[in-house]
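Observations on the three-dimensional arrangement
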Amino acid sequence: MMGVKMKTKLKYLCKVLGKGNFGAMEKEEDGDYPFYVSGEKVYRLNSYSFKAPFLALSSGGSFYVHYVDEDAALSTHVIAISGNKINQKFLYFALRGMQDIVNDLFFYGIGIKNLNLSDLLNVKIKQINLDEQVKIADYLERETSKIDLLIDKKSKFVELLKEKRQALIAQVVTKGLDPNVKMKDSGVEWLGEIPEHWDFYQVKKIAKIESGYPFNSALFSSEGFPKDRVIRIRDLSGDEDMIFSKEICPKNSHIINGDILIGMDGDFTIHSWDRGEGKLNQRVCAIRCGDIFVQKFLLYSLATPIKITNDLMYSTTVKHLSQNDIYKIKITAPGLDEIINIVLFIDSETARIDKIIKNIERSICLLKERRAALITEAVAGKVDCL
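Computed from a predicted model, the values in this text were never measured in an experiment.

1. Notes on unusual backbone geometry
Of note, the amide linkage connecting A52 to P53 takes the cis form, showing an omega dihedral of 0°. Positive phi, close to 70°, is recorded for R283, a residue that is not glycine. Of note, R283 is situated in the loop between β20 (278-280) and β21 (284-288).

2. Some words on the sheet that holds strand β7 (residues 73-74)
On the basis of which strands lie adjacent, the open sheet formed by three strands has the order β4-β3-β7 and mixed pairing. In the strand order of this sheet, the two ends are held by β4 (42-45) and β7, each with one partner. Where strand β3 (residues 33-36) and β4 come together, four bridges link them in antiparallel fashion. Across the sheet, residue F35 finds its bridge partner in β4, namely Y43.

3. Overview of the nonpolar core
Of all hydrophobic cores here, the largest spans 46 residues; its most connected members are L95, L120 and L140. Of all the secondary-structure elements, those providing two or more residues to this core are β5 (54-58), β8 (78-83), α1 (88-97), α3 (117-121), β11 (124-128), α4 (130-175) and α8 (336-379). Residue contributions to this core peak at nine residues, all from α8. In this structure, L120 is in contact with L10, L57, F63, L95, M98, V102, F106 and L115, ignoring residues within four places of it in sequence.

4. Considerations on the pairing of strand β18 (residues 260-263)
Judged by which residues are buried, β18 turns out to be covered on both faces: I260 and I262 on one side and L261 and G263 on the other are all buried. Examined bridge by bridge, β18 and strand β19 (residues 269-272) share four bridges and lie antiparallel to one another. Bridge assignment links L261 to a residue of β19, and that residue is H271. Counted between consecutive antiparallel strands, the loop separating β18 from β19 contains five residues, among which G266 sits at a positive phi close to 75°. Inspection of the sheet shows β18 paired to β21 by four bridges, in the antiparallel sense. From the neighbouring strand, I262 faces β21, where its bridge partner is C285.

5. Here's the deal with the packing of aromatic side chains
A complete count under the given rule lists seven aromatic pairs for this structure. When the ring of F22 is compared with that of F35, the centres are 6.3 Å apart and the planes differ by 85°; the resulting orientation is edge-to-face. On the criterion of sequence distance, the pair formed by F22 in the loop between β2 (14-19) and β3 and F35 in strand β3 is long-range, its members being 13 residues apart. Residue F22 shares its accessibility class with F35, and that shared class is buried. Considering the side-chain rings of Y213 and F215, the 5.0 Å spacing of their centres and the 75° angle between planes classify their relative orientation as edge-to-face. What makes F215 buried here is its relative accessible area of 6%. Joined through ring pairs, the aromatic side chains of Y67, Y92 and F93 make up one cluster. Positioned above the aromatic ring of Y67 is the side chain of K89, whose terminal nitrogen or guanidinium carbon lies 4.3 Å from the ring centre.

Parameters at a glance
- Residues numbered from 1 in each chain as written.
- Predicted model: local features only at pLDDT ≥ 70, side-chain atom pairs only at ≥ 80, totals over all residues.
- Heavy atoms only, no water.
- Helix = DSSP H or I, 4+ residues; strand = E, 2+ residues; numbered from the N terminus.
- Pairing = 2+ DSSP bridges.
- Core = buried A, V, L, I, M, F, W, Y, C linked by side-chain atoms within 4.5 Å.
- Buried < 20%, exposed > 50% of the residue type's maximum accessible area, 1.4 Å probe, protein only.
- Contact = heavy atoms within 4.5 Å.
- Phe/Tyr/Trp six-rings, centres within 6.5 Å; stacked < 30°, edge-to-face > 60°.
- Lys NZ or Arg CZ within 6 Å of the ring centre and 35° of its normal.

Treat this as a map of the structure, not an account of what it does.
As structure tokens, then:
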């Protein structure tokens, strides 16, 4: 039986080294040091904030903990701590096991929530003698690495499927469905040849862009009617942390399912909205056409030029996309009958790929739940770690 001691507050078992000192957008592709921003993903930077080893805790958005074993840079939404009277790797797993609790109880605010560090440091954990801590940490390192490997393989397969999905769309909206159609040079380097009977159209000729509204964030609420939901850039990537506002905004800033939404700051994103009515926040725009099939074709056609615009636009801070930038984009398209056939084909093929992705992502969720349960049980001394 393990030598379990009394519970001790976390603040007596670790030392807070400080917050990071870099903006999240300062990442460099070939930086010398790992760069931790709020969340799971790790980037690179040519400077570092703290010398290893230490733990990096996400303090903005949602909680995540990294075990850092080399000198690293941290963004301003990441906190560095180190074990004091506790094995560092054991502390890492103890905090990972508390991830859902920390997110539910110790993150506050409307919009982007922030960690209340003092609340976290007052959490009591069971003190297990150091020898047992080492055994538990070694066991979890071994067992979670097996699960992590499976998750990594499945995640890479999902990424390959997403790339295949986008490649299929890009091919069909620029080449059509007939492999034997006569082609012509488009005069656009990235586009190459297009069907001879297709023409070019500027977005401003076939669609209207509606702007978001500058809501007063001080009036945001975490509860409200569905029609009062405020759609921000982060919501385009599936953020479940909804906010609401009773502020009255122009009618054209109200959105419905099927609207094409574009995030105009940071890494530009394009999305077909499918989560009910709401109101557009500033720096998100909606694109609307008179015909549902033309609108769907435009959605599929814009993904590549939006990505190219994002990749080519240089900025030392946050990139900004204007309505005029979008209006000037040219797409190539056939007549309406062919547009309808192309849209129906893409909808069918992407639905098949999306179903496969959904099943894999469900299995990844189950693996993560299994990993979390294993960590919780082991840290509590309920698993034979021999």
